[in-house]
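# Structural overview
Chain by chain, the residues:
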Amino acid sequence: RRKTDEGSVVVVGLGRFGCHLSGALTALNHEVLAIDRNPDQVQRWSAQLDRVVQADATEEGALRQLGVADFGRAVVAIGASVEASVLTVLALADLGVPQIWARATSTKHAKILDSVGAHHVVFPEAETGERVAHLIVSRMLDFI
Ligand code: ATP
């Protein structure tokens, strides 16, 4: 079995979620390879992140060429396009990436991600909304 780098993370999609994720992982001393198909996004983040490349992550061959198969973890941070996120998870699973995290925007989206090989599915908008509701309620209790 080939050797994978446990601490290294591939992040696909440098939208609002993906860029914060990549920045936080970098601050935590993890090697990050960030991929976005939009050259403007690549240009925008290339100064802040160590490795940012322009590629369509739904293309398994492109991911292979970038050495993605040697990474221990990948996060698919694409939100708006269900098709792009599903095809990217499928490509990562075919390459044998050991831990695939994916962002879902609905429960149906999550179901598909799960069935094509995502190991962990997260709902950033739903999770943050719930967390803020709990924060508000706990602050209200402070004043009772
Ligand atoms: P956010 O809420 O994080 O800003 P969004 O839902 O508004 O995200 P998306 O359309 O999900 O925006 O795109 C997030 C990023 O993913 C964009 O920068 C986009 O260029 C990138 N992206 C979309 N499809 C692909 C793909 N096939 N390969 C690589 N990057 C992609």
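Please read these numbers as outputs of a predicted model, since none were measured by experiment.

The rules behind each value
Residues numbered from 1 in each chain as written. Predicted model: local features only at pLDDT ≥ 70, side-chain atom pairs only at ≥ 80, totals over all residues. Heavy atoms only, no water. Helix = DSSP H or I, 4+ residues; strand = E, 2+ residues; numbered from the N terminus. Buried < 20%, exposed > 50% of the residue type's maximum accessible area, 1.4 Å probe, protein only. Contact = heavy atoms within 4.5 Å. Lys, Arg positive; Asp, Glu negative; His and termini not counted. Charge placed at Lys NZ, Arg CZ, Asp CG, Glu CD. Near = heavy atom within 4 Å. Polar contact = N/O pair within 3.5 Å; in protein donor to acceptor, adjacent residues only side chain to side chain. Areas by Shrake-Rupley, 256 points an atom, 1.4 Å probe, with all protein chains shown as cover. Nonpolar A, V, L, I, M, F, W, Y, C, P; charged D, E, K, R; others polar. Core = buried A, V, L, I, M, F, W, Y, C linked by side-chain atoms within 4.5 Å. Salt bridge = Lys/Arg side-chain N within 4 Å of Asp/Glu carboxyl O. Expected span 1.5 Å × (residues − 1). Arc of directions from axis to C-beta. Pairing = 2+ DSSP bridges. Right-handed = clockwise from strand over helix to strand, strands pointing away.

### Comments concerning the overall build of the protein chain
Helices and strands together make up the secondary structure of the protein chain, namely six helices and six strands. Shown N-terminal to C-terminal, the secondary structure of the protein chain runs as helices and strands in the order β-α-β-α-β-α-β-α-β-α-β-α. With the C-alpha coordinates aligned to their principal axes, the bounding extent of the protein chain is approximately 60 × 35 × 30 Å. A buried classification covers 38% of the 144 residues belonging to the protein chain. In the protein chain, the share of contacts with a sequence separation of at least 24, taken over all contacts with a separation of at least 6, comes to 52%. The averaged location of the 17 negative side-chain charges in the protein chain is 2 Å from the averaged location of its 14 positive side-chain charges.

### Quick word on the site of the ligand
Close to the ligand lie 18 residues, the nearest being Arg16, Phe17, Asp36, Gly79 and Ala80. Ala80 places a main-chain nitrogen or oxygen 2.8 Å from an oxygen atom of the ligand. When the ligand sits alone it has 640 Å² of accessible area, and the protein chains cover 83% of it. Taken together, the residues of the shell around the ligand sort by class into seven nonpolar, six polar and five charged.

### Focus on the nonpolar core
Val10, Ile35, Leu63, Val68, Val89, Leu92 and Leu113 are the most contacted members of the largest nonpolar core, which has 27 residues in total. Residue assignment for this core shows that the elements contributing at least two residues are strand E1 (5-12), strand E2 (32-36), strand E4 (71-76), helix H4 (82-95), strand E5 (99-103) and helix H5 (107-115). Excluding residues within four positions of it along the chain, Ile35 makes contact with Val10, Val11, Val12, Gly13, Leu14, Val53, Ala55, Leu63, Leu66 and Val68. Counting 13 residues, the second-largest nonpolar core is a separate cluster that includes Val9, Leu14, Val52 and Ala77.

### Overview of the pattern of salt bridges
Opposite charge on two side chains allows them to pair when their charged atoms are near. Under the criterion given, the structure shown has three salt bridges. Measuring nitrogen to oxygen at the nearest pair gives 3.9 Å for the salt bridge that ties Glu31 to Arg51. With Glu31 in the loop between helix H1 (16-27) and E2 and Arg51 in strand E3 (residues 51-54), this pair connects stretches of sequence that are 20 residues apart. Overall, the relative accessible area of 37% leaves Glu31 in the partly exposed class. The salt bridge partner of Arg64 is Glu60, with a shortest N-O separation of 3.0 Å.

### A closer look at H1
In this model, H1 (twelve residues) spans 17 Å end to end at C-alpha, consistent with the 16 Å of a helix rising 1.5 Å per residue. Restricting attention to buried positions, one finds in H1 the residues Gly18, Cys19, Ser22 and Leu25. The buried residues of H1 all sit within an arc of 135 degrees when viewed along its axis, so they share a single face. H1 presents Arg16, His20 and Ala27 as exposed residues on the side facing more than 90 degrees away from its buried surface. With its phi angle positive at about 65 degrees, Asn29 sits one or two positions after the end of H1.

### Thoughts on the pairing of E3
Across four bridges, E2 lies against E3 in parallel orientation. Looking across to E3, one finds that Ile35 is bridged to Val53. Read from E2 through helix H2 (residues 39-45) to E3, the crossover connection turns out right-handed.

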